[in-house]
Amino acid sequence: MFSIDLADDAQLFPLEVWHAEEFLAHMDRGREFIGEHIVLADIVTDLDSARRFLSSYAQKTAADGGRIYGIRVGGTLVGGVLFRVFEADLGNCEVGCWLEPEAAGRGLVTKACRILIDWAFRERGMHRAEWHASAANGRSLAVAERLGMTREGVLRESYPHRGVRQDTEIWAVLAREWPPAPTA
């Protein structure tokens, strides 16, 4: 299967059902950090739930919906990016991410998301890419800003996470705002 280099020791690759054991081990290592702002760490708690989660994305991909990709550093799965929503008929998608703390701060998520958004706009003709994040998740909001997205608003107390209602910031970039492809 293919992978795309993000750095000398880091690759982006399609995350598939057969990666469930590796995915669970990754979640177990980063559960506390990952789960601080997103529900993924609370959903993937054992091998069956890891398989179900990855299978749901395999089904979404087959239906031209969401897609999921892993990020490996030194051969170890440390995070990922995804199209949580991919509405080809409407031209809208939503990009998201997660990462273990040891891999944070290297720009891997920004690079990986740039690849996804670039593909969505250039290959698939999408019109709009969104980013939804907890208003308390400064790292995630910084990625949206580095991607050139515009903060469009806040959905106040819209998302219950671990018993507390969270504000959700909505960021987006339009295809016409995306940087042009480099010329040869």
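A few points on the structure.

Conventions and cut-offs
- Numbering of residues starts from 1 in each chain and follows the order in which that chain's sequence is written.
- For a predicted model such as this one, the threshold for reporting local features is a pLDDT of at least 70, and the threshold for listing and counting side-chain atom pairs is 80 or more; totals across whole chains, interfaces and linings nevertheless cover every residue.
- Calculation of side-chain values draws on the structure's entire complement of heavy atoms; hydrogens and water are dropped beforehand.
- A run of DSSP states H or I qualifies as a helix once it reaches four residues; a run of E qualifies as a strand once it reaches two. Both are numbered from the N-terminal end.
- Helix span, expected: 1.5 Å multiplied by one less than the number of residues in the helix.
- The angle between axes fitted to the seven-residue stretch ending at a residue and the seven-residue stretch beginning at it gives the bend at that residue.
- For the exposure calls, accessible area comes from a 1.4 Å probe over protein chains only, and a residue counts as buried if that area is under 20% of its type's maximum, exposed if over 50%, partly exposed in between.
- Contact criterion: two residues are considered in contact whenever any of their non-hydrogen atoms come within 4.5 Å of each other.
- Between Lys or Arg on one side and Asp or Glu on the other, a salt bridge is scored when a side-chain nitrogen of the former is within 4 Å of a carboxyl oxygen of the latter.
- The definition of a polar contact used here is a pair of N or O atoms within 3.5 Å, where within protein one atom must be able to donate a hydrogen and the other to accept one, and adjacent residues in sequence count solely through side-chain atom pairs.
- Residues belong to a common nonpolar core when they are buried Ala, Val, Leu, Ile, Met, Phe, Trp, Tyr or Cys residues joined through side-chain atoms within 4.5 Å.
- What makes two strands pair is DSSP finding at least two bridges between them.
- Directions pointing from the helix axis toward each C-beta atom define the arc.

On to helix α1 (residues 20–34), then. Under the 1.5 Å per step criterion, the end-to-end length of α1 is only 17 Å for 15 residues, more than 12% shorter than the ideal 21 Å. At Asp-28, α1 shows its strongest bend, of approximately 50 degrees. Those residues of α1 that fall on the buried side of the exposure criterion are Ala-20, Phe-23, Leu-24, His-26, Met-27, Gly-30 and Ile-34. Packing partners of the buried residues in α1 comprise α2 (40–43), α3 (47–62), β4 (76–87) and β5 (92–99).

What follows deals with the pattern of salt bridges. Applying the stated rule across the entire model yields 13 salt bridges. For the salt bridge of Glu-22 with Arg-72, the shortest nitrogen-to-oxygen distance reads 2.8 Å. Here Arg-72 lies in strand β3 (residues 67–73) and Glu-22 lies in helix α1, a separation of 50 residues in the sequence. The partly exposed category is assigned to Glu-22, whose relative accessible area is 25%.

What follows concerns the environment of Ala-25. In this fold, Ala-25 is placed in helix α1. A residue is classified by how much of its surface remains accessible, and Ala-25, at 33% relative accessible area, is partly exposed.

What follows deals with the side chain of Arg-67. Within the secondary structure, Arg-67 is located in strand β3. For Arg-67, the side chain forms a polar contact with the side chain of Asp-64, separated by 2.8 Å. Among all residues touching Arg-67, those that are not within four sequence positions of it are Tyr-57, Thr-61, Val-81, Leu-82, Phe-83, Phe-86, Trp-119 and Arg-124.

Attention shifts here to the nonpolar core. Counting 34 residues, the largest nonpolar core has Leu-12, Ile-71, Val-81, Ile-117, Trp-131, Leu-147 and Met-149 as the members making the most contacts within it. Counting only elements with at least two residues in this core, the list comes to β2 (10–14), β3, β4, β5, α4 (108–122), β6 (128–134), α5 (138–146) and β8 (164–174). No other element matches the eight residues that α4 contributes to this core. Residue contacts for Ile-117: discarding those within four places in its chain leaves Val-95, Ala-129, Leu-147, Met-149, Val-173 and Trp-178. Counting 18 residues, the second largest nonpolar core, distinct from the first, contains Leu-15, Leu-24, Ala-50 and Trp-98.

For β8, a buried count of eight out of eleven residues is recorded, marking the element as mostly surrounded by other parts of the structure. Both β6 and β8 contribute to a ladder of seven bridges, which runs antiparallel. In the sheet register, His-132 faces β8, and the bridge partner there is Ile-170. Here strand β7 (residues 150–161) pairs with β8 via eight bridges, running antiparallel. For Val-154, the partnering residue across the bridge sits in β8 and is Glu-169.

Another aspect to go through is α5. Buried within α5 we find Ser-140, Leu-141, Val-143 and Ala-144. Considered in projection along α5, the buried side chains sweep an arc of 150 degrees and stay on one side of the axis. Opposite the buried face of α5, by more than 90 degrees, sit the exposed residues Arg-139 and Glu-145. Next to the buried residues of α5 lie α4, β6 and β8. Once α5 ends, the next one or two residues include Gly-148, with phi positive near 85 degrees.

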